[in-house]
Amino acid sequence: MPRYIQTNAKLTKLNAVLTQPRPIRLKGRSFLALALSPEMPVDDWLVQLDDLAARSAGFFLRKPIVLDLSNLEIRQDELRDLVAKLASRGVRIMGIEGARPSLLAPDLPPALADGKGTSDIEIPAAEEPSAPEAAADPVPVAAAPLRAQASMVVSQPVRSGQSLYHADGDVTIVGSVASGSEVVAGGSIHVYGALRGRAMAGTMGNATARIFCRKLEAELIAIDGYYMTAEDFEPGLRGKAVQIWLEGESMRVAALA
Amino acid sequence: MGKVIVVTSGKGGVGKTTSTAALGAALAQTGAKVVVVDFDVGLRNLDLVMGAERRVVYDLVNVIQGEAKLTQALIRDKRVETLFLLPASQTRDKDNLTPEGVERVITALRKAFDFVICDSPAGIERGATLAMRHADVAIVVTNPEVSSVRDSDRIIGLLDSKTLKAENGETMEKHLLLTRYDSVRAERGDMLKVDDVLEILSIPLLGIIPESMDVLRASNVGSPVTLADGRSAPAIAYFEAARRLTGETLPIVIPGDKRGLFGKIFGRRAA
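Residues numbered from 1 in each chain as written. Chains lettered and ligands numbered in written order. Predicted model: local features only at pLDDT ≥ 70, side-chain atom pairs only at ≥ 80, totals over all residues. Heavy atoms only, no water.

Let's shift gears to the overall build of chain A. Tallying secondary structure elements over chain A gives three helices and 15 strands in all. Buried positions account for 39% of the 257 residues belonging to chain A. Across chain A, every contact between residues at least 6 apart in sequence was considered, and the portion connecting residues at least 24 apart equals 39%. (Helix = DSSP H or I, 4+ residues; strand = E, 2+ residues; numbered from the N terminus. Buried < 20%, exposed > 50% of the residue type's maximum accessible area, 1.4 Å probe, protein only. Contact = heavy atoms within 4.5 Å.)

Within chain B, the regular secondary structure consists of 13 helices and ten strands. Looking at chain B alone, contacts between residues at least 24 apart form 74% of all its contacts between residues at least 6 apart.

This part takes up the nonpolar core. Residue and element names in this part refer to chain B. If you look at the biggest cluster of nonpolar residues, it comprises 51 residues, and the most contacted ones within it are Val35, Phe39, Leu86, Leu97, Leu109 and Val116. In terms of residues, this core owes the most to one element, helix H7 (residues 146–159), which gives five residues. Setting aside anything within four residues of it in sequence, one finds phenylalanine 39 in contact with Leu60, Leu97, Val102, Ile106, Cys118, Asp119, Ser120, Pro121, Gly127, Leu130 and Ala131. Core analysis: the second largest hydrophobic core is formed by 36 residues, Leu23, Leu27, Val49 and Met50 among them. (Core = buried A, V, L, I, M, F, W, Y, C linked by side-chain atoms within 4.5 Å.)

All names here are of chain A. Pairing is mixed across the open sheet formed by five strands, whose spatial order is S6-S8-S10-S12-S13. Of all strands in the sheet, those with a lone pairing partner are strand S6 (163–166) and strand S13 (226–229), marking the two edges. With direction set aside, neighbouring strand axes in the sheet form an average angle of 5°. The pairing of strand S12 (residues 220–223) with S13 spans four bridges and is classified as antiparallel. Bridge assignment links alanine 222 to a residue of S13, and that residue is tyrosine 227. (Pairing = 2+ DSSP bridges. Axes fitted to C-alpha atoms, helices over the stretch in contact; angles between N-to-C directions.)

Residue and element names in this part refer to chain B. For strand S7 (residues 173–181), the buried fraction is high: seven of the nine residues fall into the buried class. As defined by bridge partners, strand S6 (residues 137–142) adjoins S7 across six bridges and the pair is classed as parallel. Within the sheet, the bridge partner assigned to valine 140 lies in S7 and is leucine 176. Relative to strand S8 (residues 205–210), S7 runs parallel, the two sharing four bridges.

This part takes up the sheet that holds strand S3 (residues 75–76) of chain B. All names here are of chain B. The sheet built from eight strands is open, its strands ordered S3-S4-S2-S5-S1-S6-S7-S8 with mixed pairing. Looking at which strands have only one partner, the edges of the open sheet turn out to be S3 and S8. Across the sheet, H7 touches strand S1 (3–8), S6 and S7, and the angle it forms with S6 is around 165°.

A separate point is the confidence of the model for chain A. Residues and elements named next belong to chain A. Of the residues in chain A, 72% reach a pLDDT of 70 or more, and the chain-wide mean stands at 78. Overall, residues 1–9 carries pLDDT values under 50, and its contacts beyond four positions in sequence, including any with other chains, amount to 17 contacts. Residue range residues 126–148 is modelled with pLDDT below 50. Its contacts to residues more than four positions away, or to other chains, number 25 contacts. (pLDDT = per-residue confidence, 0-100.)

Residues and elements named next belong to chain B. As for its placement among the helices and strands, arginine 244 is situated in helix H13 (residues 233–245). A polar side-chain atom of arginine 244 sits 2.6 Å from the main-chain carbonyl oxygen of leucine 206. If we ignore the near neighbours within four places in the chain, the residues touching arginine 244 are Leu206, Gly207, Leu250, Pro251 and Ile252. (Polar contact = N/O pair within 3.5 Å; in protein donor to acceptor, adjacent residues only side chain to side chain.)

Now for unusual backbone geometry. A positive phi angle is found at aspartate 224 of chain A, which is not glycine, with a value near 50°. In this fold, aspartate 224 of chain A is placed in the loop between S12 and S13. Backbone geometry places arginine 180 of chain B, a non-glycine residue, at a positive phi of 55°. Looking at where arginine 180 of chain B falls in the secondary structure, it is placed in strand S7.

The next subject is helix H5 (residues 99–112) of chain B. Residue and element names in this part refer to chain B. The end-to-end C-alpha distance of H5, which contains 14 residues, comes to 20 Å, matching closely the 20 Å that a straight helix rising 1.5 Å per residue would cover. Looking at H5, one finds that the buried residues are Pro99, Gly101, Val102, Val105, Ile106, Leu109 and Arg110. Buried residues of H5 fall within an arc of 160° about the axis and therefore sit on the same side. (Expected span 1.5 Å × (residues − 1). Arc of directions from axis to C-beta.)

Right, dumping it as structure tokens:
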């Protein structure tokens, strides 16, 4: 097939999103990371860290390490210095928790939030030749809900066979969602028209996501993995403007006043 | 430069070929130079409906493969002298349609004709996507029933993404042609109503063709319905659709409406 120069990037992009047969799949995943909590003065704390590292060589090597700055008053240049000093010791910081947004710069590790505590990691004894597999049996950590960020707004009908995938946040469709099409969102789904296809909200593990539509004729609706097919709808709600949400493990559908 | 129109539907048997022939003949009768192109390689029908099946020597695949010149393959209609047919091959495989070849043929036809009407095969495979690729305008032929409407919706999605116009960031002009419409059955609920179809597909309506024996009769004698019997209800509906295609604004009348010719007028033009 010949390639053609694309002039209207916006529309082409939308078309690409609408028709991409296999969209880029994004999944939420939680990992066990070691959280280091530095203390002031940093230099003294680093001496202690060196002592620990001397007792068990390579304890921090190749492990995901998070810096927890919740109880630390630190300036940006000090933080940059600390990250560099840690790097020189072979400790690579994958993220920073508990820092003010203003503290972080593009050249610093990204902010992390909503970390869940697990059992304390045991520091290896001096004689132990190799580092214990701290992450061998991780306590399962519930996936933290992703913060809704970018919204996707589609101002044309979603046609049969098209798939709209937006993992980051809400999807708003000004038009109808046709039978045989699907809309998948990390956040809520708003349809200003008839919903005749499939709508899956909160797919990144967001149980508070909702689905709103002007006219309920959906084939399937799902929130956070719980789903309902057209047969499960109360007959009285079909064709009505409704909202759908999750209450515990059951889906609730109610007409919008 | 002529206008390239694709007549498409997704679903088979809804009246693409009939509509291609009828609209082509209607436009040609106004004096415009029209060519109808059959893209249904392997299952051609347009030659039969046009009554030219015995005059086919070369076809679209021959032209694409360089075995014949375009002028050799074009068949002039015996009744309307500005109407031409470019037939499809019945024996070749549809893989013989190459994107480059189709582009070359369409470009040449566009220069020589006012209207190039491409009769798309059913489905969403190669033949259908090639037929729509170079179009300026699309006519989506739909029957008032759910499977046809859903397939049309799918085709509209493809028209908005897989065509040259869409890839250049332009919007394809799309029109809905509702065929085989039976107002009695629609009223009974056996068929979808006009409003329902328009609401689902949300593209402007080009015309409503009533279900009629005249269409079948015309096809069987190898004549577009707009040539066989210009006074019949489907022929009048096609003539009006052809006028709307050239930019005229005419009120749309639902066929068989007992309240008279202008009883129910659709001013609606959906987005």
